[in-house]
Amino acid sequence: MDAATDADRHALPRVLAAFDRAIGLDSTLRPSVAVAAAAVSVPPTDAMPAAVPPAAAAPAAARGARIPDSSLRAPGDRADRAARLEEIAARHAASCPHCVRATGWTNLVFGEGAPDAAVMFVGEAPGEIEDRAGRPFVGPAGEKLDEMIKAMGLARDDVYIANVLKARPPGNRTPLPDEVAACAPFLVEQILAVQPKAIVALGGSAVRALLGIDTGITRLRGEWLAWEPPAGADCPPIPVMPTYHPSYVLRTYTVEVRRQVWHDLRAVMARVGLGG
Ligand code: URA
């Protein structure tokens with residue numbers, strides 16, 4: 001056996017172990033070495049796009065909504081952003097045209113995290129456990145999201161997590177277009193307050209609300225798109241990486257899906273300077 005082959009033979013288990021940890025591959029579902037090695041050999045070469053392509057899209061759900069001047073101005077330091085988010089949360093609770101009328105929810109789930117986060121995750125809507133806790137992504141999907149965040153070398157407190165809808169839809173059904181149109185302007189305000197370097201759109205509902213794109217997530221994921229701020233906002237377009245929703249990852253727990261999500265997260269890490 002020559003030296004290179006020998007080195008490869010010793011390096012492979014380490015690479016596989018790191019890969020397994022990164023994508024949350026548990027021991028019961030661990031594939032054969034051949035399958036895992038094939039997955040590793042698909043390089044997550046997230047070449048950074050020279051420019052963020054504009055969203056080739058119908059208007060995003062909140063486009064045209066009136067955003068208060070206080071949310072259009074550039075955010076200041078971390079404390080200013082935190083204060084802004086608090087004000088938006090209070091105004092949302094008092095006046096969101098969807099949430100104040102909707103029934104069947106216990107707690108609104110506004111969102112949480114670092115007010116100056118470099119990465120913002122946007123999901124669909126609170127589920128039953130989130131509704132009880134008043135916090136986003138704290139059920140099984142949240143555990144998977146936590147794993148994804150950890151795999152990126154971040155802690156949950158480092159990122160900002162929000163949903164398109166802040167009130168749990170009855171029976172966890174998909175949000176309806178009029179519900180999104182009514183509630184999503186507050187998501188726009190959250191984005192303007194945090195101004196992350198990148199947004200991770202978790203699943204089709206998030207992509208539709210942020211970008212107005214109806215194309216399925218399977219076709220969209222893995223390619224950078226751009227969130228366009230509302231007219232008059234002191235905010236640049238923000239790169240958006242569409243990827244699978246953690247619930248989908250849990251339902252479709254294949255090496256291929258996890259490899260794809262990891263590819264997408266690596267692209268985000270590279271874009272925000274996390275050494276992806
Ligand atoms: N699914 C979501 O989209 N958001 C949550 O907060 C929880 C589950």
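Look a little higher up for the structure.
Values in this document were obtained by computation on a predicted structure and should not be read as measured data.

Trainee: Go over the pattern of salt bridges, please, and point to the residues and values.
Mentor: It is possible for side chains of opposite charge to pair when their charged atoms get near one another. Within this structure, the stated rule accounts for 13 salt bridges. Notably, a salt bridge pairs Arg 78 with Asp 116, separated by 2.8 Å at the nearest N-O pair. Of this pair, Arg 78 sits in helix H4 (residues 78–95) while Asp 116 sits in the loop between strand E1 (112–113) and strand E2 (119–123), placing them 38 residues apart in sequence. Among the residues examined, Arg 78 registers a relative accessible area of 46% and is labelled partly exposed. When the shortest N-O distance is used, the salt bridge between Arg 156 and Asp 146 registers 3.0 Å. Highlighted residues: Arg 156 in the loop between helix H6 (140–151) and strand E3 (160–163) and Asp 146 in helix H6, separated in sequence by 10 residues. Given a relative accessible area of 31%, Asp 146 falls into the partly exposed group. One network of salt bridges, with partners in common, ties together Glu 112, Arg 135, Asp 146 and Arg 156.

Trainee: Please give an account of the pairing of strand E4 (residues 198–202) that cites residues and values.
Mentor: The buried count for E4 comes to five of five residues, which makes it a mostly enclosed element. Burial along E4 is two-sided: the residues Ala 198, Val 200 and Leu 202 and Ile 199 and Ala 201 are all buried. Pairing between E2 and E4: four bridges, direction parallel. Bridge pairing links Val 119 to Ala 198 in E4. Sheet topology places E4 next to strand E6 (residues 238–243); four bridges connect them, and they run parallel. Among the inter-strand pairings, Leu 202 is bridged to a residue of E6, identified as Thr 243.

Criteria and thresholds
- Residues numbered from 1 in each chain as written.
- Predicted model: local features only at pLDDT ≥ 70, side-chain atom pairs only at ≥ 80, totals over all residues.
- Heavy atoms only, no water.
- Salt bridge = Lys/Arg side-chain N within 4 Å of Asp/Glu carboxyl O.
- Helix = DSSP H or I, 4+ residues; strand = E, 2+ residues; numbered from the N terminus.
- Buried < 20%, exposed > 50% of the residue type's maximum accessible area, 1.4 Å probe, protein only.
- Pairing = 2+ DSSP bridges.

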